[in-house]
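What the coordinates show
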Amino acid sequence: MYKYDRFDAHFVRERVAQFRDQVERRLEGSLTEDEFKPLRLQNGLYLQLHAYMLRIAVPYGVLSAVQLRQLALIADRYDRGYGHFTTRQNLQFNWPKLVDVPEILDLLADVDMHCIQTSGNCIRNVTADQFAGVAGDEIEDPRPVAELIRQWSSHHPEFSFLPRKFKVAVSGAAHDRALLKAHDLAIRIVRNEAGEAGYEVLVGGGLGRTPMIGKVVRDFLPKGELLPYLEAVMRVYNAEGRRDNKYKARIKILVHEIGVEAFQARVEAELRAIEPISPVDETAELARIAEAFDTIDYARLAPRSERFEAARARDARFAAWAQTSIFTHRVDGYAAVTVSLKPVGGVPGDMTSEQMRLFADLAERFSLGEIRVTHAQNLVLPHVRLDDLHALWLELADAELATDNVGLITDIIACPGLDYCALATARSIPIAQAISMRFGDAVRQAEIGPLQIKISGCINACGHHHVGHIGILGLEKRGQESYQITLGGDATENAAIGELLGPGVTAQEVPDAIERIVDHYLARRLADEPFIDAVRRLGVDEFRAAFLGTQDEAA
Amino acid sequence: MAVSTKRRLLPVILIANDLRSGDVVFYGDDGWTCDLGRARVAQDHGAADDLEATGARSMARQNVVDAYLIEIEPTTDGPRPRHFRERFKTTGPTIYPHLGRRFGAAQAAAAGE
């Protein structure tokens, strides 16, 4: 965990005091809603369908047990006893009262948390690979870079009123678990031919109504040159991004309209024009930030745990859970454990205050007090000894947190949709629940294998439907909720946008439609061929026929 | 989601969120209320225009935010919004009926007009 210094703590407290004053002025009537709205949004406070909603930043998805316990307290004292983890690794409360928000922010500041830049047309909370710092396939831990960007971008005077929001993701691994290519800007730590670590920079990815895959604008940026480069990118976007049409205001549209080469040329020209005005030595600053992260004192353990192997051999349910939930740790004898927040028939990403407190206790007992939030709306215990896995699983099962479906068909991403969101055009969560119930059988899920379903309740695509192996988009059609289904999306380093299979279907028809697609895959797959590979090999058209129910039965 | 006068299908009611709590409120004969059953129903365009003006005044006085008219159909249980979005807004999340709007009705301070 990054430890706040006095400056960080003061910065956050000062922001709380500012917002308290803004709320008071709003309540006494000296600020109109039009004046207050951009202020509250930059502090993560929305007005949704039923109530206000407060979005709390979980920077690059890293959370401590102490912080989660505080979130449980806030959920009980100021909300309705639960919170919702989002696809940007944040946490949302759905029922705060405006009058209580300053108190909530003070409670957050008590544990080094805030809501700064979780909304508004600014650089949003930075996201990252949930296995940052523990992944075996990692070149370098990306968290210090993510923290550097967070500090640089927080209340950046030049970039607080951009044409539109700006989302940044960071990873240090070979495999993309951070959806890098669907971000406005993404940084991947890479090595050059000389073996030096540096940054690959991608720009212009995004989902929403115009989905685009990010393009590499610098294949190798040497360390120490990141902030000037980011500044150049932001200046080009700030100056040339469209402000006349909010649907064309994201950087992806600018890059698309002028072309990646022209964009690169503008950035390089801007970079040359930037005076070395910053007194900060980036290399020294990055080193300072890296030192502010706890050093973890791992035990020296054998790579194989006899206790784990024996438990796996004697307990089939534990073995099934371990199969989907365990990720290889870079340190021998440890594992990173993904804990599903997708109980069969449950609400993706929701967690009760009781579960939060219990999970915080487990994080302290089994994972050195650290937790990660994934963009797939699950949690991770990043430092669990293999020896402890069975004991952990028993405790998780008691709290109904041991669903063995990570990466499987019922591990569904779903935005809040029209059950909460003022922008939504249809509900998402009940669709996720219906699919989850249909495919909930553990044996059947295991038989189907890795398959990602992602559901959005409107074209803004918070549920990442474009990059779901199966994507579902909820719309309104003639006064009814209607769902478009796409196929072949991919959220990894092989990022791809799914193709539409046909006309929209009703909510009731969705599970059957998904089942026709899955059945076709099961009938046509090669041995051990994952769903997405089969879709690529066979082509979307073949699945379209299955979806429409028009395929030749003999095929 | 405001409905233009020309396309407005009567009858309508006035819906908003309470400024302080965010709770969904309706304009009734005694001012803003959390009780949909007590919402004032405008049966003609003149009454609907009056309601709309009331919403604008209430927003200007900082009592409520996001006030707009919604089309309803009268039922024996009271007004029922025609559009599914507004039905969900009046009942709360369909996934957690027990956490619906009435959960907070007791503490919701209906803003006075």
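Residues numbered from 1 in each chain as written. Chains lettered and ligands numbered in written order. Predicted model: local features only at pLDDT ≥ 70, side-chain atom pairs only at ≥ 80, totals over all residues. Heavy atoms only, no water.

**Topic: the overall build of chain A**
Across its full length, chain A holds 18 helices and 20 strands. Overall, the C-alpha framework of chain A stretches about 70 × 60 × 55 Å when taken along its three principal axes. Across the 555 residues that make up chain A, the buried fraction comes to 60%. Here the analysis covers contacts within chain A between residues at least 6 apart in sequence; of these, 68% occur between residues at least 24 apart. In the form shown here, chain A has an accessible surface area of approximately 21500 Å², with 50% of it arising from carbon and sulfur atoms. On chain A, the mean spot of the 63 positive side-chain charges and the mean spot of the 79 negative ones are 3 Å from each other. (Helix = DSSP H or I, 4+ residues; strand = E, 2+ residues; numbered from the N terminus. Buried < 20%, exposed > 50% of the residue type's maximum accessible area, 1.4 Å probe, protein only. Contact = heavy atoms within 4.5 Å. Areas by Shrake-Rupley, 256 points an atom, 1.4 Å probe, with all protein chains shown as cover. Lys, Arg positive; Asp, Glu negative; His and termini not counted. Charge placed at Lys NZ, Arg CZ, Asp CG, Glu CD.)

**Some words on helix α18 (residues 540-548) of chain A**
Residue and element names in this part refer to chain A. Among all positions of α18, only V540, F543, A546 and F547 are buried. Burial along α18 is one-sided: seen end-on, the buried residues are contained in an arc of 115°. Buried residues along α18 sit against β19 (480-487), β20 (499-500), α16 (510-524) and α17 (531-538). Looking one or two residues beyond α18, the residue adopting positive phi is G549, at roughly 75°. (Arc of directions from axis to C-beta.)

**Here's the deal with the nonpolar core**
All names here are of chain A. Counting residues in each nonpolar core, the largest one holds 111 residues, and the members touching the most others are L71, I149, F263 and F359. Looking at this core element by element, the count peaks at nine residues for helix α6 (residues 226-240). What L71 contacts, discounting residues up to four positions off in sequence, is I56, L63, L91, F93, L108, M113 and M356. In this structure, I472, L487, F531 and V535 belong to the second largest nonpolar core, which totals 32 residues. (Core = buried A, V, L, I, M, F, W, Y, C linked by side-chain atoms within 4.5 Å.)

**Side note on the state of the cysteines**
Applying the stated criterion to the full structure yields zero disulfides over all chains. C458(A) carries a free sulfur, and the closest cysteine sulfur to it, the one in C421(A), is 6.0 Å from it. (Disulfide = S-S within 2.5 Å.)

**Things to note about the domain arrangement of chain A**
Residue and element names in this part refer to chain A. Domain boundaries in chain A define domain 1 (6-110), domain 2 (127-291), domain 3 (306-398) and domain 4 (413-548). For domain 2 and domain 3, the distance between their C-alpha centres works out to 32 Å. Of the residues lining the interface, eleven residues belong to domain 2; the matching set on domain 3 comes to 14 residues. Roughly 950 Å² is buried in total at the junction of domain 2 and domain 3, and carbon and sulfur atoms are behind 59% of that figure. Broken down residue by residue, the surface that domain 2 buries against domain 3 is led by Q130, F131 and V134, which jointly contribute 60%. Where domain 2 touches domain 3, the interface holds one salt bridge. Here E370 ties to R143 by a salt bridge, and the two come within 3.7 Å at their closest N and O atoms. There are five residue pairs in polar contact (both at pLDDT 80 or more) connecting domain 2 and domain 3. (Domains from an automatic or database assignment. Buried area = accessible area lost by both parts, 1.4 Å probe. Salt bridge = Lys/Arg side-chain N within 4 Å of Asp/Glu carboxyl O. Polar contact = N/O pair within 3.5 Å; in protein donor to acceptor, adjacent residues only side chain to side chain.)

**Looking at the pattern of salt bridges**
All names here are of chain A. One pass over the full model with this rule turns up 52 salt bridges over all chains. Residues E257 and R242 are paired through a salt bridge, measuring 3.4 Å at the closest nitrogen-oxygen approach. Taken together, the residues span a long stretch of sequence, with E257 in helix α7 (residues 251-258) and R242 in the loop between α6 and α7 at a distance of 15 residues. Owing to a relative accessible area of 47%, E257 belongs among the partly exposed residues under this scheme. On the accessibility criterion, R242 (25% relative accessible area) is partly exposed.

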